[in-house]
There are 2 protein chains.
Amino acid sequence: MTKMTLNECLEYLNDNDGYLLLTHIRPDGDTLGSAAALCHILRRMGKVAFLYPNPQITDTYKPYVEPFMAPPGYEPVTILSVDLASENLFPEGFSGGRVGLCIDHHPTNSEYAENLLCMPEKASCGEIVLELGKLALGGIDKTEADLLYMAVSTDCGCFVYANTKPDTHRAAAELMEAGADYKALNKRLFRTSTYSRLKLEGLIYDSMQRFGPGECVSVVTVTLDMMAESGATENDCEDLASLAGRLAGNKVSVTIRQLEPKLCKVSLRSGEDFDSSAICALHGGGGHKMAAGCTIPSDPDETRDTIVWDILEAM
Amino acid sequence: MTKMTLNECLEYLNDNDGYLLLTHIRPDGDTLGSAAALCHILRRMGKVAFLYPNPQITDTYKPYVEPFMAPPGYEPVTILSVDLASENLFPEGFSGGRVGLCIDHHPTNSEYAENLLCMPEKASCGEIVLELGKLALGGIDKTEADLLYMAVSTDCGCFVYANTKPDTHRAAAELMEAGADYKALNKRLFRTSTYSRLKLEGLIYDSMQRFGPGECVSVVTVTLDMMAESGATENDCEDLASLAGRLAGNKVSVTIRQLEPKLCKVSLRSGEDFDSSAICALHGGGGHKMAAGCTIPSDPDETRDTIVWDILEAM
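This one's a predicted model, so the numbers in the text were calculated from it and none came from an experiment. (Residues numbered from 1 in each chain as written. Chains lettered and ligands numbered in written order. Predicted model: local features only at pLDDT ≥ 70, side-chain atom pairs only at ≥ 80, totals over all residues. Heavy atoms only, no water.)

1. Quick word on the pattern of salt bridges
- Here the structure, examined in full by the defined rule, presents 34 salt bridges over all chains.
- Across the pair Lys62(A) and Asp59(A) runs a salt bridge whose closest N-O atoms are separated by 3.7 Å.
- Among the residues examined, Asp59(A) registers a relative accessible area of 48% and is labelled partly exposed.
- In this structure, the salt-bridge partner of Glu201(B) is Arg197(B), at a minimum N-O distance of 3.0 Å. You can see Glu201(B) and its partner Arg197(B) sitting in helix α8 (residues 195–207), 4 residues apart, about one turn around the helix. (Salt bridge = Lys/Arg side-chain N within 4 Å of Asp/Glu carboxyl O. Buried < 20%, exposed > 50% of the residue type's maximum accessible area, 1.4 Å probe, protein only. Helix = DSSP H or I, 4+ residues; strand = E, 2+ residues; numbered from the N terminus.)

2. A few points about the nonpolar core
- Of all hydrophobic cores here, the largest spans 107 residues; its most connected members are Leu13(A), Leu21(A), Leu38(A), Leu13(B), Leu21(B) and Leu38(B).
- For Leu38(A), the residues in contact, after removing those within four places along its chain, are Leu13(A), Leu21(A), Leu80(A), Val82(A), Ile103(A), Val129(A) and Leu132(A).
- In this structure, Ile204(A), Cys237(A), Ala244(A) and Leu200(B) belong to the second largest nonpolar core, which totals 32 residues. (Core = buried A, V, L, I, M, F, W, Y, C linked by side-chain atoms within 4.5 Å. Contact = heavy atoms within 4.5 Å.)

3. Some points on the sheet that holds strand β2 (residues 19–22) of chain B
Residues and elements named next belong to chain B.
- The 6 strands lie next to each other as β1-β6-β5-β4-β2-β3, forming an open sheet whose pairing is parallel. Edge positions in the sheet fall to β1 (2–3) and β3 (49–51), since each of these pairs with one other strand and no more.
- Here 3 bridges tie β2 to β3, and the two strands are oriented parallel to one another. The residue of β3 that forms the bridge with Leu 21 is Leu 51. (Pairing = 2+ DSSP bridges.)

4. Quick word on helix α7 (residues 182–190) of chain B
Residue and element names in this part refer to chain B.
- Taken residue by residue, α7 has Tyr 182, Leu 185, Asn 186 and Leu 189 as its buried positions. The arc that holds every buried residue of α7, seen down its axis, measures 100 degrees, which confines them to one face.
- Among the structural elements, α3 (62–65), α5 (142–155) and α6 (166–177) are those in contact with the buried residues of α7. (Arc of directions from axis to C-beta.)

5. Brief notes about the pairing of strand β5 (residues 101–104) of chain B
All names here are of chain B.
- Side chains Leu 101 and Ile 103 project from β5 onto one buried face, and the interleaved Cys 102 and Asp 104 project onto a second face that is buried too.
- Summarising the sheet, strand β4 (residues 78–82) and β5 pair through 3 bridges and their orientation is parallel. The residue bridging Leu 80 from the neighbouring strand is Leu 101, located in β5.
- The pairing of β5 with strand β6 (residues 115–118) spans 4 bridges and is parallel. Each residue of the ladder has a partner; that of Asp 104, found in β6, is Cys 118.

6. Some thoughts on a negative patch on the surface
- The grouping of Asp206(A), Asp225(A), Glu229(A), Asp206(B), Asp225(B) and Glu229(B) at the surface amounts to a negative patch.
- Elements represented by at least two residues in the negative patch include exactly α9 (224–230) of chain A together with α9 (224–230) of chain B.
- With respect to the helices and strands, Asp206(A) occurs in helix α8 (residues 195–207).
- What makes Asp206(A) partly exposed here is its relative accessible area of 41%. (Patch = residues over 30% accessible without salt bridge, like charges linked within 9 Å, V, L, I, M, F, W, Y side chains within 5 Å. Areas by Shrake-Rupley, 256 points an atom, 1.4 Å probe, with all protein chains shown as cover. Lys, Arg positive; Asp, Glu negative; His and termini not counted. Charge placed at Lys NZ, Arg CZ, Asp CG, Glu CD.)

7. With respect to the sheet that holds strand β8 (residues 217–222) of chain B
Residue and element names in this part refer to chain B.
- What the 6 strands build is an open sheet, ordered β7-β8-β9-β10-β12-β11; its pairing is mixed. Only two strands of the sheet have a single neighbouring strand rather than two, namely β7 (209–211) and β11 (286–287).
- Sheet strands touched by α8: β7 and β8. Its angle to β8, the strand with the most contacts, is close to 135 degrees. (Axes fitted to C-alpha atoms, helices over the stretch in contact; angles between N-to-C directions.)

8. Points about the domain arrangement of chain A
- Taken as a whole, chain A is organised into domain 1 (2–190) and domain 2 (195–314).
- One C-alpha centre belongs to domain 1 of chain A, the other to domain 2 of chain A; they are set 32 Å apart. (Domains from an automatic or database assignment.)

9. Regarding the interface of chain A and chain B
- Tallying the contact residues gives 41 residues for chain A and 41 residues for chain B.
- Summed over both partners, the interface of chain A with chain B comes to about 3,700 Å²; 57% of that surface belongs to carbon and sulfur atoms.
- The largest per-residue losses of area from chain A upon contact with chain B belong to Arg191(A), Tyr195(A) and Arg246(A), which jointly make up 18% of the total buried on that side.
- A salt bridge links Arg246(A) to Glu201(B); the nearest nitrogen and oxygen atoms lie 3.3 Å apart.
- Put simply, the parts of the chain that give the side of chain A that touches chain B at least two residues each are α6 (166–177), α7 (182–190) and α8 of chain A. (Buried area = accessible area lost by both parts, 1.4 Å probe.)

10. Regarding helix α2 (residues 29–44) of chain B
Residues and elements named next belong to chain B.
- With 16 residues, α2 extends 22 Å from end C-alpha to end C-alpha; this agrees with the ideal 22 Å at 1.5 Å per step.
- Counted residue by residue, α2 has 14 buried out of 16 residues, so it is predominantly covered.
- Once α2 ends, the next one or two residues include Gly 46, with phi positive near 90 degrees. (Expected span 1.5 Å × (residues − 1).)

11. Digging into the pairing of strand β12 (residues 291–296) of chain B
Residue and element names in this part refer to chain B.
- Only one face of β12 is buried, namely the one carrying Ala 292, Cys 294 and Ile 296, since none of Ala 291, Gly 293 and Thr 295 on the opposite face is buried.
- When strand β10 (residues 263–270) meets β12, the two strands line up antiparallel, connected through 6 bridges. Bridge pairing links Leu 268 to Ala 292 in β12.
- With 2 bridges connecting them, β11 and β12 associate as antiparallel partners. Across the sheet, residue Gly 286 finds its bridge partner in β12, namely Gly 293.
- In textbook terms, the turn of a hairpin is the stretch between consecutive antiparallel strands, and for β11 and β12 this stretch comprises 3 residues.

12. A closer look at the packing of aromatic side chains
- Tallied over the full model, the rule gives 9 aromatic pairs over all chains.
- With a centroid separation of 4.7 Å and 70 degrees between ring planes, the pair formed by Phe50(A) and Tyr74(A) is classed as edge-to-face. Placement of the pair is Phe50(A) in strand β3 (residues 49–51) and Tyr74(A) in the loop between α3 (62–65) and β4 (78–82), with a sequence separation of 24 residues.
- An angle of 80 degrees between the planes, with centres 5.4 Å apart, marks the rings of Phe90(B) and Phe94(B) as edge-to-face.
- Taken together, the aromatic side chains of Tyr52(A), Phe90(A), Phe94(A) and Tyr112(A) make up a single cluster linked through ring pairs.
- Over the face of the ring belonging to Phe50(B) we find Arg43(B), whose NZ or CZ atom lies 4.9 Å from the ring centre.
- Positioned over the ring face of Tyr195(A) is Arg210(B), at 3.4 Å from the centre of the ring. (Phe/Tyr/Trp six-rings, centres within 6.5 Å; stacked < 30°, edge-to-face > 60°. Lys NZ or Arg CZ within 6 Å of the ring centre and 35° of its normal.)

Written out as structure tokens, the structure is:
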């Protein structure tokens, strides 16, 4: 494995051809926007380049990335991966061999590719591709600006998440000046929900309960009945685990998702002063201190009682 | 009325003293953050400066601005106003005389003050005060950075609204580097809701209905019963009219707020291809093409039927 600089990476892209770009499993705006923008940059450099047709792309992103999908039978020469930190995150159905170059911003990158350009100081891969585009072609065009604005803005929740940095804002400013239609993109990516999603959110807020000292433990439940009542599908369930954390005064938030009548997935979120992963470890799960998960073979009510008891014991 | 440049404005601030800073009625993050930051800058310039104790400051902003409130009996010499576009927006209870200098970014400023620094190219007043701070003292300190981040970020909905500009992002980057605790501020300002607000949102989403071709007219209702059931107060009702517009495929969104059993306030939001103000004008109301309002002397169900009929007729 060779670690590359931006300049070495550009040399590699110049020297090779016949590209297939991989995005990660359960693809988000950063992997899709960055890969599609890089694909467009490669084409402007005179290369043949396509995206691997990741089968899990959601409706939100499809219109932006479909024009870049590899046609059936495309035989790539060089495989690139974008925002893809380790081999267990390869997209579903991919078994196409060795990755020539990985472009990533995760400090945990497992170094599976022959060559790696990793810039963990960037909040998004989109910011790396922006630098590459400027280096390769002296600047990006409107299509790339749209795709990279999608990449940068989604990875920081429209500049609200803690991973947002001063340079994230500066990249956004640059992308807007390069023609990104940020008004339409912001509306579509951050201010639009399906009817089912809104109905489901309504039911979730209605189910919200509070426990513990100062009612600092909030619990929401997503039951199979609520999914049926709202008509929600997996497409509508993105980021549900963040809803309970919106509650003022909250220290630990619990999201219980019923998978089967007697099987629940539990997601915990907390501040720095509570160890969510220790609670989840009690039930064979794990994660990080501020975000962890586990699975409990009970119905939602029993699951709630169990987890809330564990949390109050640990406080 | 004299229009001032940034430099002339600074000269004015240097030449005068004994400041009282006015914020506008129903104060938001921009008027409060900008005024409090300017107050702090003035004090660092060696001046006596206080904020007018605006009685409508909500709990979200109180902790940030209370340290700057004028004590009872404070007798100002020079009155400033910040983000306050016209005299009918003066804060409740103010009758203290002529405003010496107004600092604003609204192109509609009515020029009521003796002197005016108006920069309509700025998305927020916070960006003007940032420029003033740099000019006056060579830079801003952490307190001012926090207050100005609050001002800048709230006026563009954390960089999601259409008024966001490349320079808004650059101002945010600068404020973060000057020490703004953007993580805590983002969490408090954009990711925290009261229990009552979340319960009310749940009831609102549950009440959502769709009408018309492609179900492009969405209607939500906020009844007196829903207010009672959720325990919501006026503090919890900010920006309710934007919720219905989140629905995918939406062209016109209607928010009906029951004020009395037989009196409803109607808020319309639409895209550029539908004239909301024309519909509201039918009922003695008005506003802009994309955002308008009126009041109808009926119960929520009748109000909905009336307005939806008017909208479908106009389509």
